[in-house]
Amino acid sequence: MTAEEKRRTHQRELANQVNEEAKRRLTEQKGEQQIHKARKSNVSYRSVSQMPREREIREMKIFIDKKYETVVMPIFGIATPFHIATIKNISMSVEGDYTYLRINFYVPGSYLGRQEGNIFPNPEATFVKEITYRASNLKVAGDPSVPSTNLQNAFRIIKEVQKRYKTREAEEKEKEGIVKQDSLVINLNRSNPKLKDLYIRPNIAQKRMQGSLEAHTNGFRFTSVRGDKVDILYNNIKHSVFQPCDGEMIIVLHFHLKNAIMFGKKRHTDVQFYTEVGEITTDLGKHQHMHDRDDLYAEQMEREMRHKLKSAFKNFIERWRRSPRRSWSSSCPSETWGSRAPPTGAPACCSRPPALSAT
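Residues numbered from 1 in each chain as written. Predicted model: local features only at pLDDT ≥ 70, side-chain atom pairs only at ≥ 80, totals over all residues. Heavy atoms only, no water.

Under an unreviewed UniProt entry, the name given to the chain is FACT complex subunit, and the source organism is Synaphobranchus kaupii. Taken verbatim from the UniProt record of the chain, the Subunit (unreviewed entry) comment is "Component of the FACT complex." (UniProt positions renumbered as here; feature names shortened; annotations may be inferred.)

As structure tokens, this is what we get:
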């Protein structure tokens, strides 16, 4: 067989492989569309018996049912419920002796309708786009409160219910498509590889918290001082990168995951564990001398800390590298071939190719 024939045979094999991969990908996408979860219908009350019997409703005032996330509004003398999901936004203004409460609703053709398809059961029906209520700011004799108090309370409570509803919807949307992971098998042996006083990035909460990273039978577990736990399984790790603290202020262990995991109410495919090896900020107003004993002692302590942390991280990495369940690639950035460049719209960073890799 000549070289040209070998090349053509190899090209046919590659073409068949690409076609098979494309066919498999399209088949999986078609299956995903078939099992796509339908959007749930936001119905306030399934039956009349669930309708509240509060005094505000009998007095033809606006009432907010927090349990069913519904706003009951008087329309032509009839208490009409609207689910909080149908309300687009609200605004309140004071003009003279009156307070105005304006409520805008989602209708076909609005932003929600364009982004999420036809969510209206009957788009040909007549929809209410906005409603404006007016109440006096002057106190009426015999009335314990100002009439506009109901509008002010309704404005505040609707905002609270809307915020809670949108937060819950955002969390459910983040959870969609998350691949269910196996349970972490805890190894009760005290000699497990473990790193203490680490930070996780992205943060679990608003403020960063220290914790410990421990290697178990089939994965890692990060436990914060508050008790929060983040589990990363070995079979879910695609790449791992270790950045030593040579010339850096932090030492980092980075994991790129195959499937996203949930923590901090968000999904993440990249997780970092790091610790600081020196002072990130320096007080420029402090008078310093090159032969100051305190500064020399601090530099010596920082060098010792760098060596200690580097040894601890390398020992941790070498121990879990020998794990029989490890099946991902790992690398360490190369300082020699690194280059500093300011990316567009971001501060200057250092780009480094891997110095070594193992599988």
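That covers the picture; the talk isn't over yet.
A. A look at the sheet that holds strand β2 (residues 70-75). On the basis of which strands lie adjacent, the open sheet formed by three strands has the order β1-β2-β3 and antiparallel pairing. Every interior strand has two partners, whereas the edge strands, β1 (63-65) and β3 (78-83), have only one. Ignoring strand direction, the axes of neighbouring strands in this sheet form an average angle of 30°. Pairing of β2 with β3 involves six bridges; the strand directions are antiparallel. Considered in β3, the bridge of Val72 is made with Pro81. (Pairing = 2+ DSSP bridges. Helix = DSSP H or I, 4+ residues; strand = E, 2+ residues; numbered from the N terminus. Axes fitted to C-alpha atoms, helices over the stretch in contact; angles between N-to-C directions.)

B. View of the nonpolar core. Core analysis: the largest hydrophobic core is formed by 28 residues, its most contacted members being Phe220, Leu253, Phe273 and Phe316. Sorting the residues of this core by element identifies β7 (194-201), β8 (210-215), β9 (219-224), β10 (229-233), β11 (237-243), β12 (250-263), β13 (266-276) and α5 (293-321) as the ones contributing at least two each. Sort the elements by how many residues they give to this core and β12 lands first, with six residues. (Core = buried A, V, L, I, M, F, W, Y, C linked by side-chain atoms within 4.5 Å. Buried < 20%, exposed > 50% of the residue type's maximum accessible area, 1.4 Å probe, protein only.)

C. Quick peek at the packing of aromatic side chains. A complete count under the given rule lists nine aromatic pairs for this structure. Aromatic pair Phe222 and Phe273: ring centres 5.4 Å apart, planes at 40°, arrangement tilted. Residue Phe222 is found in strand β9, and its partner Phe273 is found in strand β13; the two are separated by 51 residues along the sequence. An identical accessibility class is assigned to Phe222 and Phe273; each is buried. Seen in terms of ring centroids, Phe242 and Phe313 are 6.0 Å apart; in terms of plane orientation they differ by 15°. Their pairing is stacked. Of this pair, Phe242 sits in strand β11 while Phe313 sits in helix α5; the two residues are 71 residues apart in sequence, bridging distant segments of the chain. Accessibility assignment for this pair places Phe242 and Phe313 in one class, buried. Arg134 extends its terminal NZ or CZ atom over the ring of Tyr98, reaching a point 4.1 Å from the ring centre. Its end group placed over the ring of Tyr274, Arg201 keeps NZ or CZ at 4.4 Å from the ring centre. (Phe/Tyr/Trp six-rings, centres within 6.5 Å; stacked < 30°, edge-to-face > 60°. Lys NZ or Arg CZ within 6 Å of the ring centre and 35° of its normal.)

D. Just the confidence of the model for the chain, in detail. In this model, the chain carries an average pLDDT of 79, and 77% of its residues clear a pLDDT of 70 or more. Averaged pLDDT values over the elements of the chain bottom out at 46 in strand β17 (residues 354-358) and peak at 95 in strand β5 (residues 98-105). This model gives residues 341-348 a pLDDT under 50, and the stretch forms five contacts once residues within four places in sequence are excluded. Segment residues 355-359 is flagged for pLDDT under 50; beyond a separation of four residues in sequence, or across chains, it makes 16 contacts in the model. (pLDDT = per-residue confidence, 0-100. Contact = heavy atoms within 4.5 Å.)

E. Layout of the sheet that holds β5. In spatial order, the strands read β4-β5-β6; together these three strands make up an open sheet with antiparallel pairing. The two strands at the open ends of the sheet, each matched to only one other strand, are β4 (87-95) and β6 (130-136). Sheet twist, expressed as the average angle between the axes of neighbouring strands with direction ignored, equals 15°. Helix α4 (residues 149-175) contacts β4, β5 and β6 of the sheet and is inclined by roughly 150° relative to β4.

F. Here's a closer look at the pairing of β12. Buried residues dominate β12, accounting for ten of its 14 residues. The pairing of β11 with β12 spans six bridges and is antiparallel. Looking at β12, one finds that His239 is bridged to His256. Pairing geometry for β12 and β13, over ten bridges, is antiparallel. The residue bridging Val252 from the neighbouring strand is Tyr274, located in β13. Linking two consecutive strands that pair antiparallel, namely β12 and β13, is a turn of two residues; a positive phi of about 65° is found at Gly264 within it.

G. Spotlight on the pattern of salt bridges. Counted by the stated rule, this structure contains eleven salt bridges. Here Glu130 ties to Arg102 by a salt bridge, and the two come within 2.7 Å at their closest N and O atoms. Residue Glu130 is located in strand β6, and its partner Arg102 is located in strand β5; the two are separated by 28 residues in the primary sequence. Across the salt bridge formed by Arg226 and Asp228, the nearest N and O atoms sit 2.8 Å from each other. (Salt bridge = Lys/Arg side-chain N within 4 Å of Asp/Glu carboxyl O.)

H. Layout of α4. Over its 27 residues, α4 runs 40 Å from end to end, which matches the ideal 39 Å to within 8%, given 1.5 Å per residue. Among all positions of α4, only Asn150, Leu151, Ala154, Ile157, Ile158, Val161, Gln162 and Tyr165 are buried. Buried positions along α4 lie against β1, β2, β3, β4, β5 and β6. With its phi angle positive at about 85°, Gly177 sits one or two positions after the end of α4. (Expected span 1.5 Å × (residues − 1).)

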